[in-house]
Amino acid sequence: MHRVIVIGSVNHDRIWQLEDALTPGGRLRFSAREVHLGGGGFHTGCQLLDLGANVALVTRLMQDEKGLSALKTLNTAGFDTAHVAMLPGETEPLEILLEPNGERTIIAPAGRSRAPLSIGGALTGEAAYLNALLLEEGLVTRLHDIPLVVSQLPLRPATPRPADYVVTSRDDAGEEAPAVWRRAMELAGPRLKMLVLTDGPRRITLYDGSRSITVDPAPAVKVASTIGAGDRFSGAFLFALLDGLDAASAAAEASRLTADWLRRRQPA
């Protein structure tokens, strides 16, 4: 059983199902409003658990009713929660606007500052996945001893960390592969082997700083919500690398597994 360290958020996502697409100056109408556990750490960890990995989660929750309930859910799902920090305070849901075509817009409080994620004790595993901005120095140091590290490319300035692969989407990166590669190198340092650029239903691009490889994704699945799909892709990609697949084959397998997950989520 592969042991993977997942470093990232566990959120309470409050999802507003909109009746119409977002338009400047428009009036928003919603047909449903639900709260679910989400976040990059949660969705990626769930994918790895589904594939049979042992997953240790590094994150923080609040010591209120919502946070304690989330911790119970994580334990029931099979996460190793020894590194989940419980902090005093109140859980703030993350607001997500979900359009009829499945596109989502995230609304987060401005100016919210959080302390870097930290860890006490040993951090052992065959691989680590990161979807986090700020990391305490001791945590970064421990990552150097993890054989395989995959990191999401943060959208804002973040703590540099050693990583073999950096994953992002063209929607988030908004640039061509060489420019994104330079940003990935600043984040991951000389250990970086490959940048993985997803593009929705279009081809996946793998770039190593000098050449690009394109990978055909799985056939597109029409869904009401794509929330969590990118995180699921990252988890499946990491697991495929652990199983010995090359990067291109791992990306193709991750795309297939993500499409299967989206298909299973559709109402009967």
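In the block above lies the structure referred to throughout.
Read on for a plain summary of the structure. (Residues numbered from 1 in each chain as written. Predicted model: local features only at pLDDT ≥ 70, side-chain atom pairs only at ≥ 80, totals over all residues. Heavy atoms only, no water.)

**Focus: the overall build of the protein**
Part 1 of the reasoning: The secondary structure content of the protein amounts to seven helices and 13 strands.
Part 2 of the reasoning: Taking 268 residues into account, the globule formula puts the C-alpha radius of gyration at 18 Å, and the protein, at 18 Å, falls close to it.
Part 3 of the reasoning: Projected onto the principal axes, the alpha-carbon positions of the protein cover approximately 50 × 45 × 35 Å.
Part 4 of the reasoning: Burial statistics for the protein: of 268 residues in total, 49% are counted as buried.
Part 5 of the reasoning: Summed over all atoms, the accessible surface of the protein reaches about 13300 Å², with 51% contributed by carbon and sulfur. (Helix = DSSP H or I, 4+ residues; strand = E, 2+ residues; numbered from the N terminus. Rg over C-alpha atoms; globule rule 2.2 N^0.38 Å. Buried < 20%, exposed > 50% of the residue type's maximum accessible area, 1.4 Å probe, protein only. Areas by Shrake-Rupley, 256 points an atom, 1.4 Å probe, with all protein chains shown as cover.)

**Structural notes on the sheet that holds strand β6 (residues 94-98)**
Part 1 of the reasoning: Strand order in the open sheet formed by four strands is β3-β2-β6-β7, and the pairing between neighbours is mixed. Two strands bound the open sheet, and with one partner strand each, they are β3 (30-38) and β7 (104-107). Neighbour-to-neighbour, the strand axes of the sheet open up by a mean angle of 25°, direction not taken into account.
Part 2 of the reasoning: When strand β2 (residues 11-18) meets β6, the two strands line up parallel, connected through five bridges. Note on β6: the bridge partner recorded for R14 is E95. (Pairing = 2+ DSSP bridges. Axes fitted to C-alpha atoms, helices over the stretch in contact; angles between N-to-C directions.)

**Things to note about the pairing of strand β12 (residues 202-207)**
Part 1 of the reasoning: Bridge count for strand β11 (residues 194-199) against β12 is four bridges, and the pairing is antiparallel. Pairing of L195 across the sheet is with Y207, part of β12.
Part 2 of the reasoning: Where β11 folds back on β12, the antiparallel hairpin that results is connected by two residues, among which G200 adopts a positive phi of roughly 60°.
Part 3 of the reasoning: Two strands pair when backbone bridges link them, and β12 and strand β13 (residues 212-215) are joined in this way by four bridges, in the antiparallel orientation. Among the inter-strand pairings, Y207 is bridged to a residue of β13, identified as S212.

**Observations regarding the pattern of salt bridges**
Part 1 of the reasoning: Counted according to the given criterion, the structure contains 13 salt bridges.
Part 2 of the reasoning: Salt-bridge contacts for D20 lead to R29; the nearest nitrogen and oxygen are separated by 2.9 Å.
Part 3 of the reasoning: Between D50 and R232 there is a salt bridge; the shortest N-O distance is 2.8 Å. In this pair, D50 is assigned in helix α1 (residues 40-50) and R232 in helix α6 (residues 229-242), connecting sequence segments 182 residues apart.
Part 4 of the reasoning: Within this structure, E253, R256, D260 and R263 form a network of salt bridges that share partners. (Salt bridge = Lys/Arg side-chain N within 4 Å of Asp/Glu carboxyl O.)

**Considerations on the nonpolar core**
Part 1 of the reasoning: In terms of nonpolar packing, the biggest core is built from 41 residues, with F237 and L238 touching the most fellow members.
Part 2 of the reasoning: Here L238 is in contact with V4, L48, A127, A128, Y129, L148 and V150, once residues within four sequence places are set aside.
Part 3 of the reasoning: With 30 residues, the next largest nonpolar core counts L123, L130, L135 and L187 among its residues. (Core = buried A, V, L, I, M, F, W, Y, C linked by side-chain atoms within 4.5 Å. Contact = heavy atoms within 4.5 Å.)

**Some words on the environment of G67**
Part 1 of the reasoning: For G67, the location among the structural elements is in helix α2 (residues 65-77).
Part 2 of the reasoning: With 33 residues separating them along the chain, G67 and P100 place their C-alpha atoms 30 Å apart.

**Here we look at α1**
Part 1 of the reasoning: α1 sits mainly inside the fold: 10 of its 11 residues count as buried.
Part 2 of the reasoning: Regarding α1, the residues found buried are G40, G41, F42, H43, T44, G45, C46, Q47, L48 and L49.
Part 3 of the reasoning: Phi turns positive, to about 105°, at G52, one or two residues after α1.

**What about the side chain of H83?**
Part 1 of the reasoning: Within the secondary structure, H83 sits in the loop between α2 and β5 (84-87).
Part 2 of the reasoning: Sequence-distant contacts of H83, defined by excluding residues within four places in its chain, comprise L57, V58, T59, I119, G120 and A122.

**With respect to the packing of α6 against helix α7 (residues 247-264)**
Part 1 of the reasoning: Across the interface, α6 lies against α7 with an axial gap of 8 Å and an inter-helix angle of 135°. If you check the angle between α6 and α7, you find them oblique. When the axes of α6 and α7 are compared, the crossing they make is right-handed. Side by side, α6 and α7 meet where A229, R232, F233, A236, F237, A240 and L241 of the first sit next to A247, A250, A251, E253, A254, S255, L257, T258, W261 and L262 of the second. (Parallel < 35°, antiparallel > 145°, perpendicular 65-115°, else oblique. Left-handed = near helix turned anticlockwise from the far one by under 90°.)

**Some words on the sheet that holds strand β9 (residues 148-152)**
Part 1 of the reasoning: Across the sheet, which stays open at both edges, the nine strands sit in the order β5-β4-β1-β8-β9-β10-β11-β12-β13 with mixed pairing between neighbours. Of all the strands in the sheet, just β5 and β13 have a single pairing partner and so form its edges. Here the average twist between neighbouring strands, direction ignored, is 20°.
Part 2 of the reasoning: Of the strand pairs in this sheet, β9 and strand β10 (residues 165-169) are connected by three bridges, and their pairing is parallel. Within the sheet, the bridge partner assigned to Q152 lies in β10 and is V167.
Part 3 of the reasoning: In this fold α2 packs onto β4 (54-62) and β5, with an angle of close to 175° to the strand it touches most, β4.
Part 4 of the reasoning: Along the sheet, α6 contacts β1 (3-8), β8 (127-131), β9, β10, β11 and β12; its crossing angle with β8, the most-contacted strand, is approximately 160°.

Nothing here speaks to function; it is geometry throughout.
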